[in-house]
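Spelled out, the chains give:
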Amino acid sequence: MTIRITSRNARFQQWEALLHNRTKRHRQGEFLVQGVRPITLAIEHGWTVRTLISDGRPRMSTWASQVWESSTADQVVMAPELVAELGEKDEPSELLAVVEMPPDSLDRLQPAGLTVVFDRPTQPGNLGTLARSADAFGASGLVVTGHAADPYDPRAVRSSTGSLFALTVVRAPSHREVLEWAEPHGIRTVGTDETGSVDVRTADLTGPLLVVVGNETSGMTAAWREACDQLVSISMAGSASSLNAATAGSIVLEEAFRQRRGA
């Protein structure tokens, strides 16, 4: 059955809250996904789509028709101006998706692979950018620790260009829970830090590995720094004193990818 919504009723307001209210996102256990590529990747990687929202245009694109007709999600046809509000665009998107959040269980991670940890990121855009790099360079998981930006913030999802859905995403309160999961599996921990004593190009980034990227302003916490088996730095020239956190993490991930494929 298709539901039709033409006013800012309670259900519309519930979804509107997903855009800006992280407390309501996590209380409801769902988040809003905008854009063709993010919705496509969410479906391809098996994330649960609870609701599809259409603007009711008389003729859908081939992509939208396939998604709409093959989905078992609830289907909502909404007034175009309301869809535009949820899509945060001047013009309505063809489809939006309300997607279920997976559980924050570290046991969902793959211990044999490469897992990225972003410690207390403050900017959803940086979080999404690092997720995109993690996907591009072969990481299997993304862990966000501490009081941090929300990986399910629409800004993070958009900046990841959907790569968030190719990763196992877990939030953890602190370093302790991550280390308790990692240690029994023999996973090494490498931190990125401008004071690191080992150049990233000479560090061993193979095998089961955690790559820890610190907060944009203050870097890793002292606890994370102490927990790392190795701190790596990136050689730089010019007058820049440091790199953006997501950029630094991307460089380390590219080097790990190079080593792991034997290049």
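Just so you know, the residues in each chain are numbered from 1, in the order the chain's sequence is written. This being a predicted model, a pLDDT of at least 70 is required before a residue's local features are given, and a value of 80 or more before pairs of side-chain atoms are given or counted; all residues contribute to the totals for chains, interfaces and linings. Where side-chain values are given, they derive from all heavy atoms of the structure, hydrogens and water being excluded.

Caption draft 1: The sheet that holds strand E6 (residues 114-119), seen in detail. Whether two strands pair depends on DSSP finding at least two bridges between them. Secondary structure elements follow DSSP: runs of H or I no shorter than four residues count as helices, runs of E no shorter than two count as strands, and numbering proceeds from the N terminus. Read from one edge to the other, the open sheet built from seven strands follows the order E8-E7-E6-E11-E9-E12-E10, with strand pairing classed as parallel. Because the sheet does not close on itself, it has two edges, and the strands there are strand E8 (168-172) and strand E10 (198-199). Relative to E8, strand E7 (residues 141-145) runs parallel, the two sharing five bridges. Within E8, the position partnered with Val-143 by the bridge is Val-170. Packed on one face of the sheet, helix H10 (residues 245-260) meets E6, strand E9 (188-192), strand E11 (209-213) and strand E12 (230-233) and runs near 170 degrees to E6. We call two residues in contact whenever any of their non-hydrogen atoms come within 4.5 Å of each other. Between N-to-C directions, angles span 0 to 180 degrees; the directions come from axes that are lines fitted to C-alpha atoms, helices contributing only their stretch in contact.

Caption draft 2: Representation of the pattern of salt bridges. Put simply, a salt bridge is a Lys or Arg side-chain nitrogen that is within 4 Å of an Asp or Glu carboxyl oxygen. A complete count under the given rule lists 17 salt bridges for this structure. Notably, a salt bridge pairs Arg-11 with Asp-74, separated by 3.7 Å at the nearest N-O pair. Taken together, the residues Arg-11 in helix H1 (residues 10-20) and Asp-74 in strand E4 (residues 74-78) connect sequence positions 63 residues apart. Between Arg-57 and Asp-55 there is a salt bridge, with its nearest N and O atoms 2.8 Å apart. Three labels apply to residues, based on accessible area from a 1.4 Å probe with only protein chains included: buried if under 20% of the type maximum, exposed if over 50%, partly exposed otherwise in between. Take Arg-57: its relative accessible area is 32%, and that puts it in the partly exposed class.

Caption draft 3: A look at the packing of helix H6 (residues 124-136) against H10. Two elements in contact, H6 and H10, have axes whose closest approach is 9 Å; the angle formed by their N-to-C orientations is 10 degrees. On the basis of the axis angle, H6 is roughly parallel to H10. Residues Asn-126, Thr-129, Leu-130, Ser-133 and Ala-134 of H6 pack against Ala-246, Gly-249, Ser-250 and Leu-253 of H10. Here the nonpolar group is Ala, Val, Leu, Ile, Met, Phe, Trp, Tyr, Cys and Pro; Asp, Glu, Lys and Arg are the charged ones; every other residue, Gly included, is treated as polar. Per-class residue counts for the contact of H6 with H10 are four nonpolar, five polar and no charged. Roughly parallel means an angle under 35 degrees; roughly antiparallel, over 145; roughly perpendicular, 65 to 115; everything else is oblique.

Caption draft 4: Summary view of the pairing of E6. Burial runs high along E6: six of the six residues are buried. Burial along E6 is two-sided: the residues Leu-114, Val-116 and Phe-118 and Thr-115, Val-117 and Asp-119 are all buried. Here E6 runs beside E11; their pairing, made up of five bridges, is parallel. Each bridged residue has a counterpart across the sheet, and for Val-117 the counterpart in E11 is Val-212. With five bridges connecting them, E6 and E7 associate as parallel partners. The partner of Phe-118 across the bridge, within E7, is Val-144. Think of it like this: strands point away, you trace from the first strand over the helix to the second, and a clockwise trace means the crossover is right-handed. The β-α-β motif built from E6, the intervening H6 and the parallel element E7 has right-handed crossover chirality.

Caption draft 5: Main features of unusual backbone geometry. A positive phi angle, close to 55 degrees, is found at Arg-120, a residue other than glycine. Summarising the element assignment, Arg-120 is placed in the loop between E6 and H6.

Caption draft 6: Quick look at the sheet that holds E4. With mixed pairing, five strands are arranged side by side in an open sheet as E1-E4-E3-E5-E2. Among the strands making up the open sheet, the edge pair consists of strand E1 (2-5) and strand E2 (30-34). Mean inter-strand twist for the sheet, computed between neighbouring axes without regard to direction, equals 25 degrees. This element, H1, spans E1, E2, strand E3 (49-54), E4 and strand E5 (95-100) of the sheet and lies at about 80 degrees to E2. The sheet contacts of helix H5 (residues 80-87) involve E1, E2, E3, E4 and E5, and relative to E4 the element is tilted by about 115 degrees.

Caption draft 7: Summary view of the packing of aromatic side chains. Under the pairing criterion, centres of Phe, Tyr and Trp rings, with the six-membered ring standing for Trp, must be within 6.5 Å; the plane angle then separates stacked pairs below 30 degrees from edge-to-face pairs above 60, leaving the rest tilted. Evaluated as defined, the whole model comprises six aromatic pairs. When the ring of Phe-31 is compared with that of Phe-165, the centres are 6.0 Å apart and the planes differ by 10 degrees; the resulting orientation is stacked. Here Phe-165 lies in the loop between helix H7 (154-159) and E8 and Phe-31 lies in strand E2, a separation of 134 residues in the sequence. Considered together, Phe-31 and Phe-165 belong to a single accessibility category, that of buried residues.

Caption draft 8: Quick peek at the nonpolar core. Among the nonpolar cores identified, the biggest contains 50 residues, and Phe-31, Val-33, Trp-47, Leu-142, Phe-165 and Leu-205 are the most heavily contacted of them. Take this core: its biggest share by element is five residues, from H10. Non-local contacts of Phe-31, meaning those with residues more than four positions away in its chain, are made with Leu-18, Arg-25, Trp-47, Ala-97, Val-98, Val-99, Glu-100, Met-101, Tyr-152, Val-157 and Phe-165. Listed in part, the 17 residues of the second largest apolar core include Val-143, Val-170, Leu-210 and Leu-231. What makes a nonpolar core is a set of buried Ala, Val, Leu, Ile, Met, Phe, Trp, Tyr and Cys residues whose side-chain atoms join them at distances within 4.5 Å.

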